[in-house]
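One letter stands for each residue in the lines below.
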Amino acid sequence: MKFHLAETFTTAYDKLTGQEQKAVKATVFDLQLDPSGRGLRMHRIDNSNDPNFWSMRVNRDVRLIIHKTGDSLLVAYVDHHDKAYAWAERRRIEAHPKTGAIQIVEVRERVEEIAPPEQFDFVYPAEDVAPETPASAPKHFAALADDALLSVGVPSDWLADIRAATEDEFFVLAEHLPSEAAEALLEFAATGKLPAFAIEPTSDPFEHPDAQRRIRLISDSEELEQALAFPWEKWGVFLHPAQRKIVDQDFNGPARVAGSAGTGKTVVAIHRAVRLARENPNARIFLGSFSDPLARSMERKIAVLAPETSEVTRRVTTASFQAIAEQLFQLEFGARPRIASEKVIRQTVEAAAADLNLSGFSNRFFVSEWTNVIDAWGVGSSDEYANIARMGRKSRLGPKQRELLWPLFESVRQKLKAAGYLTSADVFTELADRLTEKSAKPFDHIILDEAQDLGPAELRFFAAISSDSDNALFFAGDLGQRIFQHPYSWKSLGVDVRGRSSTLKVCYRTSRQIRSAADNLLPLHLRDVDGVEEARSGTVSTFEGPFPIVEIFASEAEEATRVAAFISSAITDGVAPKEIGVFVRTPSLTPRARDAISGIDESAEITIANMHLAKGLEFRAVAVMACDEGVLPLDDRVADAADEAELDDIYETERRLLYVACTRARDRLLVTASAPGSEYLHDLKLD
Ligand SMILES: Nc1ncnc2c1ncn2[C@@H]1O[C@H](COP(=O)(O)OP(=O)(O)OP(=O)(O)O)[C@@H](O)[C@H]1O
C-alpha cells in the first residue's frame, strides 16, 4: 500500500505542542510500518460526504485524519478531536475531473460562512490605506466558461462562486481553492489571460505535478523522518510544478532560473544540488552564493533536504563565490591571495595618475574605468584595451585616448603587484587561466545563486572550472535585484543560457499587497544584454496581508516615533523581535535606525542592516527607513558617475536596492523618510 503525506497534515502538525507532536509522530511511524492500520484504532467519519475519511486515535484528545482508497493511504490532517472531525466533514479528496490531479477540496459553503468578518479585519486593518471598493465592483471572472475554469483546476462546485465574486470576495475565496486554481485566477486578474497549462493528466492522480505540491509519496522511514523534522519548511517536501520541473530537468548547456523576489529560486537551486548528488553517488557539486552568510544559509537548507549523516551533504560544497576561489587559489598556487581593498585600489590609482600627470580626466573616472573595465575584464595589454567593447559605458574613448590612458593602468597593475596585492577579479582570472587548460575539473555540477551579481571575471572562472557534461552550470538570479554589477554579455564569455532559461511566477515570501507595491519600482520586462527576457508580469503571491505604508515626515524624530510604533504594534500582534528587520541605505544611517528602536524590549534581537546586506533574507515585518532625498539615490554615488551610462545604471541599481529591501518583508512593510523623501517613494505606490 502506498503511504502519502499531505501538506495540510504537516501544517496542522506544526501547530501542535511538542508533547502532542511526539505522540503523533509515533502513530504516523506505526502507520507507515503497517498501513493497514491493524491494531490501531480507526473509525470511519460518518458525517463526511467522502466515505474514505477515517479518524485514528493518537491520545485521549488528538486524532489523525486518514484518507484510504484502493492501494493508497493518505495522512491528511491532525488536530484535537472536534476540530479534526470538523475538518474531515468539510472536505473531500478526489481526482479533479479535468486536470486529473488529486485535490483536497473544501466542500462549498456560502461565502459569508467561510469568510467571517474577522478575516476582513485582518486583511484590511484600519490603520492602512486600502483602496475603496466601488459600489458595483467588477466581477473579473464572470465571462470565464466552465471549461476554462476547470482546465486550471477549479473544483466543479466552486465554479458559480468564482464567476460571481468581486475582486475582494475572490481574495477570500482563493484561500479555499486548491493552489493551482487560485494562482491561475490571480494571474488572470493580473494579465487578463489564464496560464496555458501544459501538464498532461497522469495515470496515477497522485503523480500529477499539481498533486505533488500538496501530497507526497513517502517511500521509507527516512523520508518520513525528514518531513516531520521540518514541518514548517514546506519547500522541503512540496514543490510547485514549475519548480519541480526545473529541479528535474537535464540541460545540455548552461541554464538559468529567474523570477522576482521570493519566488523560490534559492529553493530550486538547493533541490537541484541534492537531486544531482543523489542521482550520481560520485558527483561533486558546488553550490555557491554571493556572500558567506547566504552560503551558510543554503548549507543549513541542504541539511533539511538531506539529513546530515547522508552522503549527499558531504558531496555538496557550499561557499561564497569569493571563498571557493580563494580556496582553489591556495590549492593551485600554494598561497592564499592577498586581496587589495577598495581603499588600496583608489589610493593606487590616484598615485599612478599623479605620477603621470594626465589632464582632462577626473580621478573618479580613472577609478571607475579601472574597476569596471580594466580589472573587471582582466585587460592586460594596450592592444586588448584598444579593442575591448567597454560594455555598459557610453562615454566613448577613441584609440588615441586609450593609448594615452593605458600607461596609467599598466602602472596601477605594477604598483599593486609590487606591493604583493591581487584584486578580487585577478584571483578569478588567474584561476580561470590555469584551470581552463586542465581536463580534470574540481566539480561536476556548479549551481550558483544570486547570479545577477556575478562579475565577468567570476563568470569566466566558473565557466572555466565547469565540466563538459550535462548539467554542468546552473544559475539562479533576478535581474531586478542586480545591485553590484554593470550589465554585460554572458554569451561573450561562452555562457549562453538562451533557450535554457525559465521564470518562476509564484511568490511564496511576500504578501500580494507588498509584492505589487514593490513591483511598481521595476519595469514589467527586464532583458539581459544577450536578449534573454525575464517577464515579471503575472507573478502571484500565495497569501494576503496589510497594505504597505509609505510615509514622509517633517523631521527625523517624527519618523523614528512612527518606526517605533510600527515595530511595537507588530510585536503586540505576536511577531517576534527576531522576525523584524530595519534597513537603511548606508552604514552611516544605522544610528537613525538604532535610535528608533531603542525603547523597544528585546531590541537587540531586531536586525538592523544596510540595504546591500538585505539580499536573500526574509522577515515578517520590515521597516525601510531614512529613504530621504540624497540618500536614495545616494548623492555620493551620483557624483561618482564617470559618464551618463554609469549615471543611468546608478539610478537603476539604487532603485533595485529599495526593491530588494522592501521584498524582504513577508506580512508588514513600512517605508519612511524625513522630508524631502526619495523620488522612488512615488513609484512605490499602491495599485
Ligand atoms: N514550494 C514552496 N512551498 C512553500 N514555500 C516555498 C516554496 N518555494 C519557496 N518557498 C519559500 O519562499 C521563500 C522565498 O524562497 P527563496 O528564498 O528560494 O526565493 P528567491 O526567489 O531565491 O528569493 P530572492 O530572490 O528574494 O532571494 C522562502 O521562505 C521559501 O521557504
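Residues numbered from 1 in each chain as written. Predicted model: local features only at pLDDT ≥ 70, side-chain atom pairs only at ≥ 80, totals over all residues.

- Looking at an unreviewed UniProt entry, one finds the protein chain named DNA 3'-5' helicase and attributed to Aurantiacibacter rhizosphaerae.

1. Notes on the confidence of the model for the protein chain
Then, in step 1: Per-residue confidence for the protein chain gives a mean pLDDT of 89; residues scoring 70 or more make up 93%.
Then, in step 2: Per the prediction output, this complex has pTM 0.88; the corresponding ipTM is 0.99. (pLDDT = per-residue confidence, 0-100.)

2. Some details on the domain arrangement of the protein chain
Then, in step 1: Along its sequence, the protein chain is carved into domain 1 (2–101 + 203–225), domain 2 (105–191), domain 3 (240–333 + 438–505), domain 4 (342–421) and domain 5 (546–682).
Then, in step 2: Summarising the inter-unit geometry, the C-alpha centres of domain 1 and domain 4 are found 66 Å apart. (Domains from an automatic or database assignment.)

3. Observations regarding the packing of helix 24 (residues 556–572) against helix 25 (residues 590–597)
Then, in step 1: Interaxial distance between helix 24 and helix 25 falls to 8 Å at its minimum, and their mutual angle equals 55 degrees. By the criterion of interaxial angle, the relationship of helix 24 to helix 25 is oblique. Crossing hand, helix 24 versus helix 25: right-handed. From helix 24, Glu 556, Ala 560, Val 563, Ala 564 and Ile 567 reach across to helix 25, where they touch Arg 592, Asp 595, Ala 596 and Ile 597.
Then, in step 2: Of the residues that constitute the contact of helix 24 with helix 25, the class distribution is 6 nonpolar, no polar and 3 charged. (Axes fitted to C-alpha atoms, helices over the stretch in contact; angles between N-to-C directions. Helix = DSSP H or I, 4+ residues; strand = E, 2+ residues; numbered from the N terminus. Parallel < 35°, antiparallel > 145°, perpendicular 65-115°, else oblique. Left-handed = near helix turned anticlockwise from the far one by under 90°. Contact = placed C-beta atoms within 7 Å. Nonpolar A, V, L, I, M, F, W, Y, C, P; charged D, E, K, R; others polar.)

4. A closer look at the environment of Arg 278
Then, in step 1: One can find Arg 278 in helix 13 (residues 265–279).
Then, in step 2: It is 47 Å that separates the C-alpha atoms of Arg 278 and Ile 600, two residues lying 322 residues apart in sequence.

5. Here we look at unusual backbone geometry
Trans is the prevailing form of peptide bonds, just as negative phi is the prevailing case for residues other than glycine.
Then, in step 1: Between Leu 632 and Pro 633 the backbone carries a cis peptide bond, its omega angle lying at -5 degrees.
Then, in step 2: With respect to the element layout, Pro 633 can be found in the loop between strand 22 (619–624) and helix 26 (635–640).
Then, in step 3: The residue after Ala 675, namely Pro 676, is reached through a cis peptide bond having omega -5 degrees.
Then, in step 4: Positionally, Pro 676 belongs in the segment after strand 23 (665–674).
Then, in step 5: In this model, Ala 626 sits at a positive phi of 60 degrees, which is unusual for a non-glycine residue.
Then, in step 6: With respect to the helices and strands, Ala 626 occurs in the loop between strand 22 and helix 26.
Then, in step 7: On the basis of neighbour count, Ala 626 is assigned to the buried category, with 27 C-beta atoms found within 10 Å. (Buried ≥ 20, exposed ≤ 12 C-beta atoms within 10 Å, placed from the backbone.)

6. What about the nonpolar core?
Then, in step 1: Counting residues in each nonpolar core, the largest one holds 139 residues, and the members touching the most others are Ile 65, Ala 76, Val 78, Leu 185 and Ala 273.
Then, in step 2: Counting residues per element, this core draws most heavily on helix 13, at 8 residues.
Then, in step 3: If near-sequence neighbours (up to four positions away) are discounted, Leu 185 is found in contact with Phe 141, Ile 162, Phe 170 and Ala 174.
Then, in step 4: Residues Ala 560, Ala 570, Ile 608 and Leu 670 belong to the second largest nonpolar core, which totals 48 residues. (Core = buried A, V, L, I, M, F, W, Y, C linked by C-beta atoms within 7 Å.)

7. Structural notes on the UniProt feature "binding site: ATP" (unreviewed entry) in the protein chain
Then, in step 1: In the numbering used here, UniProt assigns the feature "binding site: ATP" (unreviewed entry) to Gly 259, Ser 260, Ala 261, Gly 262, Thr 263, Gly 264, Lys 265 and Thr 266.
Then, in step 2: Its place among the elements puts Gly 259 in strand 9 (residues 255–259).
Then, in step 3: Accessibility expressed as a C-beta count within 10 Å gives 25 for Gly 259, which makes it buried.
Then, in step 4: Positionally, Gly 262 belongs in the loop between strand 9 and helix 13.
Then, in step 5: Residue classification places Gly 262 among the buried positions, given that 26 C-beta atoms sit within 10 Å.
Then, in step 6: Ignoring sequence-local partners within four residues, the contact set of Gly 262 consists of Cys 507, Tyr 508, Arg 509, Thr 510 and Thr 663. (UniProt positions renumbered as here; feature names shortened; annotations may be inferred.)

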